[in-house]
Amino acid sequence: MELFHTPEQALQWADANRDRTVGLVPTMGALHEGHLSLVRQAKRDCRLCCATIFVNPTQFAEGEDLGKYPRTLDADLAGLADAGCDAVFLPTAEQIYPPGFSTYVQPPQVASGWESSSRPTHFRGVATVVLKLFHLVPTSHAFFGQKDYQQLCVIRAMSRDLNLPVQVVGCPIIRESDGLAMSSRNRYLDSDQRLRARLLSLALAQADQAIENGVHDVQALQQLMTQTLSAGTVVDAGGATATVPGIPVGGVDSIDYAVLLDADTLQPIEHLQQPFVGLIAARFGSTRLLDNRVWQPVQ
Ligand code: AMP
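Note that the coordinates shown come from a computational prediction; the quantities given were computed from them, not determined experimentally.

Draft legend 1. Spatial organisation of the domain arrangement of the protein. Taken as a whole, the protein is organised into domain 1 (2-171) and domain 2 (184-294). Here the C-alpha centroids of domain 1 and domain 2 sit 27 Å apart. Across the boundary between the two partners, domain 1 contributes 21 residues, which contact 21 residues of domain 2. Interface area for domain 1 against domain 2, summed over the two sides, is near 1800 Å², with a carbon-plus-sulfur share of 50%. Three residues stand out in domain 1 for area buried against domain 2, namely Trp114, Glu115 and Tyr149, and they jointly supply 38% of the buried area on that side. Summed over the shared surface of domain 1 and domain 2, the number is two salt bridges. Of the charged contacts, one joins Asp65 and Arg185 as a salt bridge, the two residues approaching to 2.9 Å between their closest N and O atoms. At the boundary of domain 1 with domain 2, the tally comes to 10 residue pairs in polar contact (both at pLDDT 80 or more).

Below is the structure:
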């Protein structure tokens with residue numbers, strides 16, 4: 001596995017491989033199976049895979065966890081090599097944002113609301129760095145997780161709107177055995193928060209069950225998700241039962257949103273007659289967790 005520390009090296013490598021299909025996997029490091037699944041998918045779809053590890057300062061707001069974002073480089077490189085990654089680009093913040101940098105991407109419409117309500121400049125930073133990475137390591141394909149659903153929509157829309165010559169591939173959410181979506185930020189959770197974090201995937205599973213059982217009313221399904229999140233529940237914990245306390249609405253731990261939306265535009269829906277997505281965000285102290293689930297139209 002080759003390591004590139006400068007944009008010139010990365011560009012040279014991409015140039016030398018321009019006749020091959022190459023999958024780009026942008027990450028911020030602190031890698032887990034979710035990230036590595038993107039590398040494996042890239043290796044299935046493309047001849048080569050190049051991952052990037054860059055904790056992008058422009059997608060963090062003042063007071064967010066940029067300074068304490070986990071950095072686990074040795075383990076990251078071992079995991080990437082094991083997953084079959086061919087090259088890793090590890091730029092510094094100064095290389096990506098040299099002195100005088102002042103040009104940003106205005107994110108597409110689908111960036112409005114949801115995550116942007118609590119992180120107004122987040123997608124501007126994401127879109128900017130992803131566009132820069134597409135230029136710095138020009139590849140045929142780029143792989144992103146469905147875990148960050150709005151981000152995937154933003155990158156797809158940007159690629160379409162700006163005619164970027166990259167095929168954007170969305171990959172399924174990889175979960176812990178109890179259903180919690182893997183995230184680099186899960187390590188911030190204390191044991192009580194970790195228990196509650198299960199409620200996100202449980203709320204989506206309950207909505208799924210309700211849809212199966214014929215509940216097709218959007219408001220009722222949203223209420224069911226919020227109720228599951230706020231009421232807590234009793235779960236099977238390896239043969240024993242455990243009580244998961246609910247997440248209050250408001251307070252230190254709180255539900256940010258639990259909604260059903262059009263899967264492409266992220267606009268509210270009235271019926272389930274187009275592909276739709278359940279999006280959930282909840283706060284556990286200063287840690288925000290996201291989860292989602294996509295459904296096909298219900299006739
Ligand atoms: P991050 O390092 O958090 O910026 O994530 C880098 C990429 O990994 C993004 O495309 C994420 O959507 C993706 N990713 C993160 N967690 C997961 C997961 N649990 N399953 C699948 N993809 C994930």
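Next comes the rest of the account.
Draft legend 2. Inspection of the environment of Ser37 at higher detail. As for its placement among the helices and strands, Ser37 is situated in helix H2 (residues 33-45). Sequence separation between Ser37 and Gln223 is 186 residues; the distance between their C-alpha atoms is 33 Å.

Draft legend 3. The UniProt feature "active site" (unreviewed entry) in the protein, seen in detail. Residues annotated in UniProt with the feature "active site" (unreviewed entry) correspond here to His35. Considering the arrangement of structural elements, one finds His35 in helix H2. Given the relative accessible area of 14%, His35 is considered buried. Among all residues touching His35, those that are not within four sequence positions of it are Val25, Thr27, Gly29, Ala30 and Ser184.

Draft legend 4. The pattern of salt bridges, seen in detail. Evaluation of the coordinates by the stated rule reveals 15 salt bridges. One salt bridge in this structure joins Glu33 and Arg40, with 2.9 Å as the shortest N-O distance. Among the residues examined, Arg40 registers a relative accessible area of 30% and is labelled partly exposed. Connected via shared salt-bridge partners are Glu115, Asp256, Arg283 and Arg288.

Draft legend 5. Representation of the nonpolar core. Residues Val130, Phe134, Val137, Phe144, Leu266 and Leu279 are the most contacted members of the largest nonpolar core, which totals 47 residues. When residues of this core are assigned to their parent elements, the largest contribution, nine residues, is made by helix H6 (residues 122-136). Leaving out residues up to four positions away in the same chain, Phe134 has contacts with Leu24, Ala142, Phe144, Ile155, Ser159, Leu164 and Val166. Ranked by size, the runner-up nonpolar core spans 30 residues in total, among them Met225, Ala242, Val244 and Ile269.

Draft legend 6. A look at the sheet that holds strand S3 (residues 48-53). Read from one edge to the other, the open sheet built from six strands follows the order S1-S4-S3-S2-S5-S6, with strand pairing classed as parallel. Here the strands that pair on one side only, and so sit at the sheet edges, are strand S1 (2-4) and strand S6 (167-171). Going from strand to strand, the sheet's axes swing by 25° on average, the running direction of each strand aside. As paired elements, strand S5 (residues 141-145) and S6 share five bridges and run parallel to each other. Bridged to Gly145 within S6 is Cys171. Its contacts with the sheet put helix H3 (residues 73-82) on S1, S3 and strand S4 (87-89), and the angle it makes with S3 is roughly 170°.

Draft legend 7. Fine view of the site of the ligand. Residues in contact with the ligand amount to 17 residues; listed here are only the nearest, His35, Gly145, Asp148, Ile174 and Met182. One nitrogen or oxygen atom from the main chain of Met28 is found 2.9 Å from an oxygen atom belonging to the ligand. At a separation of 2.9 Å, an oxygen atom of the ligand approaches a polar side-chain atom of His35. Taken by itself the ligand offers 490 Å² of open surface, and the protein chains cover 92% of this. Only strand S2 (22-27), H2 and S5 provide two or more residues apiece to the shell around the ligand. Top element by residues in the shell around the ligand is H2. It accounts for three residues. Its residues assigned to classes, the shell around the ligand shows nine nonpolar, six polar and two charged.

Thresholds, definitions, all that
- Residues numbered from 1 in each chain as written.
- Predicted model: local features only at pLDDT ≥ 70, side-chain atom pairs only at ≥ 80, totals over all residues.
- Heavy atoms only, no water.
- Domains from an automatic or database assignment.
- Contact = heavy atoms within 4.5 Å.
- Buried area = accessible area lost by both parts, 1.4 Å probe.
- Salt bridge = Lys/Arg side-chain N within 4 Å of Asp/Glu carboxyl O.
- Polar contact = N/O pair within 3.5 Å; in protein donor to acceptor, adjacent residues only side chain to side chain.
- Helix = DSSP H or I, 4+ residues; strand = E, 2+ residues; numbered from the N terminus.
- UniProt positions renumbered as here; feature names shortened; annotations may be inferred.
- Buried < 20%, exposed > 50% of the residue type's maximum accessible area, 1.4 Å probe, protein only.
- Core = buried A, V, L, I, M, F, W, Y, C linked by side-chain atoms within 4.5 Å.
- Pairing = 2+ DSSP bridges.
- Axes fitted to C-alpha atoms, helices over the stretch in contact; angles between N-to-C directions.
- Near = heavy atom within 4 Å.
- Areas by Shrake-Rupley, 256 points an atom, 1.4 Å probe, with all protein chains shown as cover.
- Nonpolar A, V, L, I, M, F, W, Y, C, P; charged D, E, K, R; others polar.

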